[in-house]
Amino acid sequence: MKPKNLRDLVTFVPNKAEPIHNWLYFKEGFSRGLVEWAVREFQLQEPICDPFCGVGTTLLAAKQMGMQSIGFDVSPLAVLASEVKTRNYDPRAIETTLKAFHKMQPREVGKFQNKKIRRLFHAKQLDDIYFFYKKVQEIEDAKTRNLFLLALIDTTGRVANVVKVGGSLRKQKKPCFPVKKLFLGKVKKMMLDLQNTQLPNVESQVFEADARITKLGKDSVGSVITSPPYLNKIEYTKVYKMELGLFFQVQETKLRAYIADEATGKDRETEIPLIAKAYFDDMHRVLQNVFHYLKPGGKAVIVVGGGCFPYETVESDDILLREAEKVGFKKIDKIVARHVQCMRNRTIKVGTVRESILLLEKPEER
Ligand SMILES: C[S@@+](CC[C@H](N)C(=O)[O-])C[C@H]1O[C@@H](n2cnc3c(N)ncnc32)[C@H](O)[C@@H]1O
């Protein structure tokens, strides 16, 4: 049955109040509740795979239900967040490292190279972030090191003089918040979350990969729950360029292997904008791969959104269902979760698009 709050469940908002899920805010994510509902409602089998795992909502929710999972994403930031959220920890190791960090007095030990990004911070704050970044790199235990790195990345986002608005960063001057206090406070909160949450012992498999070319073993996955980038072309490299540039040395152009690269004009036959056509071609390849690694009888639950263009809208759910059928999937259902308004220049309404959940099944072999 369709839950009453499905329109919220397809967003990251409910995760803001969920321990561990809320370790890194990710506007483009969906919620733990959506994964739990889908697993129950469609009797999904493990291992659950998410080929666009983002900050690991599917993977952590699977872990919380004691289920095996596999996730990948092209963004090293997403992979780090997914990994950190789904590891089993010894909280004492974190506590010892935290005590050592409390004793440190940040001082200037060098600078991040990227001058454009440096402009987004108060100079002293960025020096402190750099100091702690170097110290984090010295932590021997990889799990503890990654957890501290994620806390530092979250802190960096909070102190930077920018806010993420839609698909871009907007400058916004903030007070000069104390980096050390915020950073170590974040680690403490993460430690308490781990202490207060009973988690099954399973760990997810997480790695960096492109869903368009990644084929896992044939028939190796019990089910898929995922949400690809939406057609409205949120450019993840732009929104996260600060984190990617500072901590992963990723230049803006290096990650242009995202779904649908630039394309202008219209397709002569279908009249859909070429950028949309490129998107559906990419998604066709993704669906082919999913079909390959899903077990016969396995289900795929895919959350998709339509695209807003300056003078038109393009619904993607029906087109993706057609592509899925071409690949061999059986269409089981399309559940509309909500309608989203499309605006031009933030003031002129262009139309609305659907955000929908597609339910597909790989037919049993005869
Ligand atoms: C809508 S978000 C998924 C959010 C996820 N459900 C969550 O709750 O965190 C889409 C993700 O796809 C990733 N992505 C974009 N292009 C990709 C590609 N070609 N292969 C794999 N991941 C990709 C982005 O980095 C982003 O993390």
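The rules we used
Residues numbered from 1 in each chain as written. Predicted model: local features only at pLDDT ≥ 70, side-chain atom pairs only at ≥ 80, totals over all residues. Domains from an automatic or database assignment. Contact = placed C-beta atoms within 7 Å. Nonpolar A, V, L, I, M, F, W, Y, C, P; charged D, E, K, R; others polar. Helix = DSSP H or I, 4+ residues; strand = E, 2+ residues; numbered from the N terminus. Buried ≥ 20, exposed ≤ 12 C-beta atoms within 10 Å, placed from the backbone. Pairing = 2+ DSSP bridges. Near = placed C-beta within 6 Å. Core = buried A, V, L, I, M, F, W, Y, C linked by C-beta atoms within 7 Å. Axes fitted to C-alpha atoms, helices over the stretch in contact; angles between N-to-C directions. pLDDT = per-residue confidence, 0-100.

Describing the domain arrangement of the chain
Line of reasoning, step 1. One can read the domain layout of the chain as domain 1 (6–75 + 201–235 + 254–361) and domain 2 (91–196).
Line of reasoning, step 2. Spacing between the C-alpha centres of domain 1 and domain 2 amounts to 30 Å.
Line of reasoning, step 3. The interface of domain 1 with domain 2 comprises seven residues on the first partner and seven residues on the second.
Line of reasoning, step 4. Looking at the side of domain 1 that touches domain 2 residue by residue, the classes come out as five nonpolar, no polar and two charged.

Thoughts on the environment of A151
Line of reasoning, step 1. Relative to the assigned elements, A151 resides in helix α8 (residues 142–159).
Line of reasoning, step 2. Residue classification places A151 among the buried positions, given that 26 C-beta atoms sit within 10 Å.
Line of reasoning, step 3. Separated by 175 residues in sequence, A151 and K326 place their C-alpha atoms 44 Å apart.
Line of reasoning, step 4. Apart from residues lying up to four places away in sequence, A151 is in contact with F183, K186, V187 and M190.

So, the pairing of strand β11 (residues 348–361)
Along any regular strand, the residues point their side chains to alternate faces of the sheet.
Line of reasoning, step 1. As paired elements, strand β7 (residues 294–305) and β11 share seven bridges and run antiparallel to each other. In the sheet register, K299 faces β11, and the bridge partner there is E361.
Line of reasoning, step 2. As paired strands, strand β10 (residues 330–344) and β11 are joined by 13 bridges and run antiparallel to one another. Considered in β11, the bridge of R338 is made with E355.
Line of reasoning, step 3. Here β10 hands over to β11 after three residues, with N345 in that stretch at a positive phi of 50 degrees.

Focus: the site of the ligand
Line of reasoning, step 1. Close to the ligand lie 21 residues; G29, F52, G54, T57 and A211 are nearest.
Line of reasoning, step 2. Among the residues forming the shell around the ligand, the class breakdown is twelve nonpolar, five polar and four charged.

Some words on the nonpolar core
Line of reasoning, step 1. Formed by 90 residues in total, the largest nonpolar core has its most connected members in A81, L150 and L152.
Line of reasoning, step 2. Each of domain 1 (6–75 + 201–235 + 254–361) and domain 2 (91–196) contributes no fewer than three residues to this core.
Line of reasoning, step 3. L152 has contacts with I129, F132, Y133, V136 and F183, leaving out every residue within four places of it along the chain.

Things to note about the sheet that holds strand β5 (residues 205–208)
Line of reasoning, step 1. The strand order across the open sheet built from seven strands is β5-β2-β1-β6-β7-β11-β10, with neighbouring strands paired in mixed fashion. Each end of this open sheet is capped by a strand with a single partner; those strands are β5 and β10. Strand-to-strand, the axes of this sheet are offset by a mean angle of 15 degrees, without reference to chain direction.
Line of reasoning, step 2. Here helix α4 (residues 76–86) sits on the sheet and contacts β2 (69–73) and β5; the angle it forms with β5, its principal contact strand, is near 165 degrees.

Digging into the confidence of the model for the chain
Line of reasoning, step 1. Averaged over every residue, the pLDDT of the chain is 91; the share at 70 or more is 94%.
Line of reasoning, step 2. Predicted confidence is poor over residues 253–257, with pLDDT under 50, and the contacts of this stretch with residues over four places away or in other chains come to six contacts.

Overview of the environment of N232
Line of reasoning, step 1. For N232, the location among the structural elements is in the loop between β6 (221–226) and α10 (236–239).
Line of reasoning, step 2. In the structure, N232 is positioned 74 residues away from G306 in sequence and 6.8 Å away in space, judged by C-alpha atoms.
Line of reasoning, step 3. Once you skip the residues sitting within four places of it in the chain, N232 turns out to touch G305, G307 and C308.

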